[in-house]
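Spelled out from the first residue to the last, the chains are:
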Amino acid sequence: GDSVTQMEGPVTLSEEAFLTINCTYTATGYPSLFWYVQYPGEGLQLLLKATKADDKGSNKGFEATYRKETTSFHLEKGSVQVSDSAVYFCALSSGYSTLTFGKGTMLLVSP
Amino acid sequence: NAGVTQTPKFQVLKTGQSMTLQCAQDMNHNSMYWYRQDPGMGLRLIYYSASEGTTDKGEVPNGYNVSRLNKREFSLRLESAAPSQTSVYFCASRPTADTQYFGPGTRLTVL
């Protein structure tokens, strides 16, 4: 079945540092890939998505590229802010109307 | 446009009590979902409804029932709550495209 594996956290960075959160997946067919973000005490919000190989999703300075050859969708940001502190979830949808989530990676950014 | 709303925000139950979690969306979405979120487990799908009048089991349906009352509303019922059902519950909805939109969550504690 489908599965998503993302790096365990917490990831602890100083403000303005470069961020990478790794995500790899296993799926049948050609899934769509997503990054969701959850701020403390809130629900999940879509951060970015990509629907086919080599697509790059981007939003709020975050980027992720759909790499079919390595089955990966790593999240990157060039310069993190304290306000980026949250839990980040990688997810996939393989056409059955449901999402499969990774376990989440907590990001802590200090001033 | 409120998006996805959930009630209540917090609930404490005793083992064996029953309750219904309510979810409503005002975006005219076809599909609706119930997830539970537990530490280190990510989000796991309990039940979903691909369209009004249909419901299907997800990954962890045992101990739960659902009702798709109409296109707007999708409720989750715990008939006899157990401590293992202590969790944060999220409702989500989805139009015809891939992206799901999440509610703010219900924090449930079963003593």
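Look a little higher up for the structure.
What comes next concerns the included structure.

Criteria and thresholds
- Residues numbered from 1 in each chain as written.
- Chains lettered and ligands numbered in written order.
- Predicted model: local features only at pLDDT ≥ 70, side-chain atom pairs only at ≥ 80, totals over all residues.
- Heavy atoms only, no water.
- Helix = DSSP H or I, 4+ residues; strand = E, 2+ residues; numbered from the N terminus.
- Buried < 20%, exposed > 50% of the residue type's maximum accessible area, 1.4 Å probe, protein only.
- Pairing = 2+ DSSP bridges.
- Axes fitted to C-alpha atoms, helices over the stretch in contact; angles between N-to-C directions.

Right, let's get into unusual backbone geometry. In this structure, the amide linkage connecting Gly9 of chain A to the following residue, Pro10 of chain A, adopts the cis form with an omega of 0 degrees. Of note, Pro10 of chain A is situated in the loop between strand 1 (3-6) and strand 2 (11-14). Here the residue pair Thr7 of chain B and Pro8 of chain B is connected by a cis peptide bond, since its omega of -5 degrees sits within 30 degrees of zero. Its location among the elements puts Pro8 of chain B in the loop between strand 1 (4-7) and strand 2 (10-13). Its identity as a non-glycine residue notwithstanding, Asp54 of chain A has a phi of 75 degrees, on the positive side. Examined against the element boundaries, Asp54 of chain A turns out to sit in the loop between strand 6 (44-50) and strand 7 (56-59). Accessibility expressed as a relative area gives 53% for Asp54 of chain A, which makes it exposed.

In this section: the sheet that holds strand 8 (residues 62-65) of chain A. All names here are of chain A. Strand order in this open sheet of four strands is 3-9-8-7, and the pairing throughout is antiparallel. With partners counted over all chains shown, the strands left at the sheet margins are strand 3 (19-21) and strand 7, one partner each. In this sheet, adjacent strand axes meet at a mean angle of 15 degrees when their direction is disregarded.

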